[in-house]
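# Fold and contact review
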Amino acid sequence: MAELKKCAVHTITTKAWTLAECCERYATAGFGGICVWRNAIEPIGVEAAAKIVRASGLAVPSLVRGGFFVATDKGKRAAAAEENRKCIDEAAAIGAEQVVLVVGAEPGVPLPEARRHVADGLAKLLPYAEKNKVKLAIEPLHPMYAGDRSCVNRMAEARKLCEELKNPWLGIACDVYHVWWDPDLKQEIALAGQQGTLFGFHVCDWRVNTRDLLNDRGLMGEGCIDIATIRDWVETAGFNGLNEVEIFSTELWATDQTEYLQRIATACRQHV
Ligand code: ZN
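Conventions used here
- One numbering rule holds for all chains: residues counted from 1, following each sequence as written.
- Local features in this predicted model are restricted to residues whose pLDDT is 70 or higher, and side-chain atom pairs enter the listing and the counts only when it is 80 or higher, whereas totals over whole chains, interfaces and linings include all residues.
- For side-chain calculations, the full set of non-hydrogen atoms in the structure is used, while hydrogens and water are omitted.
- Put simply, two rings from Phe, Tyr or Trp (the six-membered ring, in Trp's case) pair if the centres are within 6.5 Å, and we call them stacked under 30 degrees between planes, edge-to-face over 60, tilted for the rest.
- A helix here means a DSSP run of H or I that spans at least four residues, while a strand means a run of E at least two residues long, and both kinds are numbered starting from the N terminus.
- For every residue, the accessible area obtained with a 1.4 Å probe (protein chains only) is divided by the maximum for its type, and the residue is called buried under 20%, exposed over 50%, and partly exposed between those limits.
- Contact criterion: two residues are considered in contact whenever any of their non-hydrogen atoms come within 4.5 Å of each other.
- Angles here are taken between N-to-C directions and fall from 0 to 180 degrees, while the axes themselves are lines fitted to C-alpha atoms, restricted in helices to the stretch in contact.
- Here roughly perpendicular refers to angles of 65 to 115 degrees, roughly parallel to angles under 35, roughly antiparallel to angles over 145, and oblique to all remaining angles.
- Each crossing gets its hand from how the near helix is turned against the far one by less than a right angle, where anticlockwise is left-handed and clockwise is right-handed.
- Residue polarity follows a fixed list, in which Ala, Val, Leu, Ile, Met, Phe, Trp, Tyr, Cys and Pro are nonpolar, Asp, Glu, Lys and Arg are charged, and the others, Gly among them, are polar.
- Definition used in this section: a nonpolar core is a set of buried Ala, Val, Leu, Ile, Met, Phe, Trp, Tyr and Cys residues joined via side-chain atoms within 4.5 Å.
- Think of a salt bridge as a Lys or Arg side-chain nitrogen and an Asp or Glu carboxyl oxygen that are within 4 Å of each other.
- Pairing between two strands is assigned when DSSP locates at least 2 bridges connecting them.

## A few points about the packing of aromatic side chains
For the coordinates displayed, the defined rule picks out 5 aromatic pairs. Ring centres of Trp37 and Phe248 lie 5.5 Å apart, and the angle between their planes is 85 degrees; this geometry places the pair in the edge-to-face category. Remark: Phe248 occurs in the loop between β8 (243–245) and α10 (250–253) and Trp37 occurs in strand β2 (residues 33–37); sequence separation between them is 211 residues. Given the relative accessible area of 9%, Phe248 is considered buried. Arranged with centres 4.9 Å apart and planes meeting at 35 degrees, the rings of Tyr177 and Trp206 form a pair that is tilted.

## Some words on the side chain of Glu157
Within the element layout of this structure, Glu157 appears in helix α6 (residues 155–165). Those residues in contact with Glu157 that lie beyond four places of it in its chain are Arg115 and Val152.

## Concerning unusual backbone geometry
As a rule of thumb, non-glycine residues mostly have phi less than zero, and peptide bonds are mostly trans rather than cis. Omega for the bond connecting Val64 with Arg65 falls within 30 degrees of zero, at 0 degrees, which places this linkage in the cis form. Its place among the elements puts Arg65 in strand β3 (residues 62–67). A cis amide bond, omega -5 degrees, links Val208 with the succeeding residue Asn209. With respect to the helices and strands, Asn209 occurs in the loop between β7 (198–203) and α9 (227–236). The phi dihedral of Phe68 is positive, around 50 degrees, even though this residue is not glycine.

## Some details on the packing of helix α8 (residues 185–195) against α9
Orientation of α8 relative to α9, taken along the N-to-C sense of each, is 30 degrees, at an axis distance of 8 Å. The angle between the axes of α8 and α9 places the two elements in the roughly parallel class. Read as a crossing pair, α8 and α9 show a hand that is right-handed. Of the residues in α9, those touching α8 at Leu185, Lys186 and Ile189 are Ile230, Trp233 and Val234. Looking at the contact of α8 with α9, its residues break down into 5 nonpolar, no polar and 1 charged.

## Some thoughts on the packing of helix α3 (residues 46–56) against helix α4 (residues 74–94)
Put simply, α3 and α4 touch, their axes get as near as 8 Å, and they point 35 degrees apart. Every residue of α4 that contacts α3 at Val46, Ala49, Ala50, Val53 and Arg54 is listed here: Glu90, Ala92, Ala93 and Ile94. The residue inventory of the contact of α3 with α4, partitioned by class, reads 7 nonpolar, no polar and 2 charged.

## Side note on the nonpolar core
Core analysis: the biggest nonpolar cluster contains 83 residues, and Phe31, Ile34, Leu136 and Met220 have the highest contact counts within it. A total of 7 residues in this core trace back to one element, the largest contributor, which is helix α5 (residues 111–132). In contact with Met220, not counting residues within four places along its chain, are Val203, Cys204, Asp205, Ile227, Val245, Ile247, Ile264, Ala267, Cys268, His271 and Val272.

## Overview of the pattern of salt bridges
One side chain can pair with another of opposite charge once the charged atoms of both are near each other. Evaluated as defined, the whole model comprises 16 salt bridges. We note a salt bridge from Arg217 to Glu246, for which the minimum N-O separation is 3.6 Å. Here Arg217, found in the loop between β7 and α9, pairs with Glu246, found in the loop between β8 and α10; they are 29 residues apart in sequence, far enough to count as distant. Relative accessible area serves as the criterion here: at 3%, Arg217 is assigned to the buried category. For Glu246, a relative accessible area of 2% corresponds to the buried category. Linked through salt bridges whose partners overlap, the residues forming this network are Arg38, Glu83, Lys86 and Glu90.

## Some details on the sheet that holds β2
Within the closed barrel, the 8 strands sit side by side as β1-β2-β3-β4-β5-β6-β7-β8. Their pairing is parallel. Averaged over all neighbouring strand pairs, the angle between strand axes comes to 30 degrees, with direction disregarded. As paired elements, β3 and strand β4 (residues 98–102) share 5 bridges and run parallel to each other. Among the inter-strand pairings, Val64 is bridged to a residue of β4, identified as Val100. Strands β2, β3, β4 and β5 (135–138) of the sheet are contacted by α4, whose axis makes an angle of about 170 degrees with β3.

Structure representation (structure tokens):
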């Protein structure tokens, strides 16, 4: 059972709220941290955002999100590289430990080739991350996104990239929504712990049935993921960061967000 101080909330979870509202309300509810999505920074700019976040006293495990390294078009790859450097700048400004990376995929680009794009993009980005003291966390995404969002779908593929690039600023964000089904999950989490690459742990739940591929994630306890067991594996692997609550849900966004935050707090205590 997680204490709220050990939990952070992603701003996208309560996406109707401004960054200032998120900071104030998460802190008041007793959460220990905030994970900032770039769309929450955009309307006010990074300087104002940094002031708000730093004044809140909340820990900032992550800025979300960069990546999107895969493109046949060279110009698109260069644009992504530029955007990723901006992500790192923003993370450094708001005091975020890491940038979460959705690595990308492109219909028509075979997955092994797409992973080459990712490895090349990461190799070029890592010196900038290191210079700014911001970690990069590869987030494997569920295979339903392999066509257009992520060619890295299991912890194992993320590990292979980390092993290839071997850099202390590169690791993995483990999101239960994406990896709960993986028969090797326990072993891969343990390996990531040993290799020092377990940078982040994200929670929500897998609804049965899933009604939308993007925006139908469940509140912890609403679905079929054994979150507490995975949380144990992560702890056993030596992870001592915050549990990040990250829920995209058209249904939950439509509810009263203040009550919803209370439900999130209860779910953290009961299911994480
Ligand atoms: Zn996530």
